Amino acid sequence: MSNRLFQGVIHQMRDSIDRTIGVIDESSVIIACSELGKIGEVTESVTAEDIASQAAFVSGNYTYKSFGSRPRPEYAVFVSGNDPEAAKYVGLLAVSLNSIKQYYDEKYDRSNFIKNVILDNILPGDIYLKSRELRVNSDVSRVCMLIKVTNQTDVSAYDVVQNLFPDKNKDFVININETDIALVKEIRSNIDPRDIDKLAGSIVDTLSSEFYTHCVVGIGTVVDSIKDLARSFKEAQIALEVGKVFDTEKTIVSYNNLGIARLIYQLPTTLCEMFLKEVFKRGSIESLDHETLFTIQRFFENNLNVSETSRKLFVHRNTLVYRLEKIKKITGLDLREFEDAIVFKVALMVKKYLSSSPSKF
């Protein structure tokens, strides 16, 4: 429990209660007090047995009332005086502080629970039991996003994201490490995937435009059960990893939109190398110069349309046809043929994947 939280409540109440008020822990140390100089002092007249008591008690010139119950009261609030008014004040303070403590503990425990779920640090059989205990709805639609900060600033990206999603009962913002923040967002079951992308876009835009903090966001698939959150989080991680290889310009990468890149990323590098050797039997992909590769990229972007590609490249149609013939001569693949174009496109992606130096296999 945060001592600062107790101190904040005591500070707000000191003007309403014109007496010395404070909180001691189970070691009888004053951890919050309206008289700041007393914080840290040990109240030797109060024992652990006193604090474990449920009833109010008087010690010296102070009235005490314990609160907290895990598994027994671990704090006591005190008010100066031993008159009926002191007993009334201490009773009200104990109820207030106990309610605040329960809310704080529950929120903290919920976040820890969700963190353990997405990191797969909890047994599947315990997930439903713990979710019922913490009153976390286990059967609503949620999606995991992984926000990776790519430049360090003085701004806490974690705090910014928390402020963007203030409903702590439905949404969970979790620090994974210094650069990664997980967002577990409750959503409508029939939500349009584009709305999830827009939500991720608002995070990127807010951090970038208002706080000069750049980030990329990976989005997992929507899951309808809390036990599947670990899968959605893993998918968000994969989306970022795949995006780092194949879509370096994108700031938002959705697992659902990875397409063939996802398949390539999951292949062993030995298979990828074999595939490249088979595709480029007649000539190595390295023998294609930068201009030729740029032409190929534009040709793919314009859906294998020779006229449209030549117009976008500002070259004569015959010049483009000549370049395509040159590619066919070197590689044996005619990019004007749909099947050859598919093989070449996949081969380029495989080559890019291998150049990223994967170390999984």
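Residues numbered from 1 in each chain as written. Predicted model: local features only at pLDDT ≥ 70, side-chain atom pairs only at ≥ 80, totals over all residues. Heavy atoms only, no water.

1. Focus: the pairing of strand 7 (residues 172-175)
Phase 1: One ladder, built from four bridges, connects strand 7 with strand 8 (residues 180-186); its direction is antiparallel. The partner of Phe172 across the bridge, within strand 8, is Val184.
Phase 2: Linking two consecutive strands that pair antiparallel, namely strand 7 and strand 8, is a turn of four residues. (Pairing = 2+ DSSP bridges. Helix = DSSP H or I, 4+ residues; strand = E, 2+ residues; numbered from the N terminus.)

2. A short note on the packing of aromatic side chains
Phase 1: Summed over all chains, the structure comprises nine aromatic pairs.
Phase 2: Judged by centre distance (5.6 Å) and plane angle (90 degrees), the ring pair of Phe6 and Phe67 falls under edge-to-face. Linking Phe6 in helix 1 (residues 3-13) with Phe67 in strand 4 (residues 62-67), this pair joins segments that are 61 residues apart in sequence. An identical accessibility class is assigned to Phe6 and Phe67; each is buried.
Phase 3: Here Phe6 and Tyr75 contribute two aromatic rings whose centre-to-centre distance is 5.1 Å and whose plane-to-plane angle is 75 degrees, an arrangement assigned as edge-to-face. In this pair, Phe6 is assigned in helix 1 and Tyr75 in strand 5 (residues 75-80), connecting sequence segments 69 residues apart. An identical accessibility class is assigned to Phe6 and Tyr75; each is buried. (Phe/Tyr/Trp six-rings, centres within 6.5 Å; stacked < 30°, edge-to-face > 60°. Buried < 20%, exposed > 50% of the residue type's maximum accessible area, 1.4 Å probe, protein only.)

3. Topic: the packing of helix 10 (residues 290-301) against helix 13 (residues 338-355)
Phase 1: Across the interface, helix 10 lies against helix 13 with an axial gap of 12 Å and an inter-helix angle of 120 degrees. Judged by the inter-axis angle, helix 10 sits oblique to helix 13. As helix 10 packs across helix 13, the resulting crossing turns out to be left-handed. Counted together, Leu293, Ile296 and Phe300 of helix 10 and Ala341, Phe344, Lys345 and Leu348 of helix 13 form the full contact between these two elements.
Phase 2: Here the residues of the contact of helix 10 with helix 13 are counted per class, giving six nonpolar, no polar and one charged. (Axes fitted to C-alpha atoms, helices over the stretch in contact; angles between N-to-C directions. Parallel < 35°, antiparallel > 145°, perpendicular 65-115°, else oblique. Left-handed = near helix turned anticlockwise from the far one by under 90°. Contact = heavy atoms within 4.5 Å. Nonpolar A, V, L, I, M, F, W, Y, C, P; charged D, E, K, R; others polar.)

4. Some remarks on the sheet that holds strand 1 (residues 21-25)
Phase 1: Here five strands make up an open sheet; going across it, the order is 2-1-5-4-3 and the pairing antiparallel. Of all the strands in the sheet, the pair left with one neighbour each is strand 2 (30-33) and strand 3 (57-59). The average undirected angle you get between the axes of adjacent strands in this sheet is 30 degrees.
Phase 2: Direction of pairing for strand 1 relative to strand 5: antiparallel, over a ladder of five bridges. Directly across from Ile24, in strand 5, lies its bridge partner Ala76.
Phase 3: In the packing of helix 1 onto the sheet, contacts are made with strand 1, strand 2, strand 4 and strand 5, and the angle to strand 2 comes to roughly 35 degrees.

5. Considering helix 7 (residues 229-246)
Residue pairs spaced three or four apart in an α-helix point in one direction, given the helix's 3.6 residues per turn.
Phase 1: Look at helix 7: 25 Å from first C-alpha to last across 18 residues, which is about the 26 Å you get at 1.5 Å a residue.
Phase 2: Most of helix 7 sits inside the fold, with 13 of its 18 residues counted as buried. (Expected span 1.5 Å × (residues − 1).)

6. Remarks on the sheet that holds strand 8
Phase 1: The sheet built from five strands is open, its strands ordered 7-8-6-9-10 with mixed pairing. Edge positions in the sheet fall to strand 7 and strand 10 (252-254), since each has one partner strand and no second. With direction set aside, neighbouring strand axes in the sheet form an average angle of 20 degrees.
Phase 2: The sheet contacts of helix 5 (residues 157-164) involve strand 6 (142-149), strand 7 and strand 8, and relative to strand 7 the element is tilted by about 175 degrees.
Phase 3: Taken strand by strand, helix 7 contacts strand 6, strand 8, strand 9 (215-219) and strand 10, and its axis lies near 40 degrees from that of strand 6.

7. Here we look at the side chain of Lys185
Phase 1: As for its position among the elements, Lys185 is in strand 8.
Phase 2: Here the side chain of Lys185 touches Asp171 through a polar contact of 3.4 Å, side chain to side chain.
Phase 3: Among residues more than four places away in sequence, those in contact with Lys185 are Ser141, Arg142, Val143, Phe165, Asp171 and Leu199. (Polar contact = N/O pair within 3.5 Å; in protein donor to acceptor, adjacent residues only side chain to side chain.)

8. Remarks on the environment of Tyr104
Phase 1: Examined against the element boundaries, Tyr104 turns out to sit in helix 3 (residues 84-118).
Phase 2: On the basis of relative accessibility, which here comes to 28%, the residue Tyr104 falls in the partly exposed class.
Phase 3: Linking Tyr104 and Leu5, residues 99 residues apart in sequence, is a C-alpha distance of 9.0 Å.

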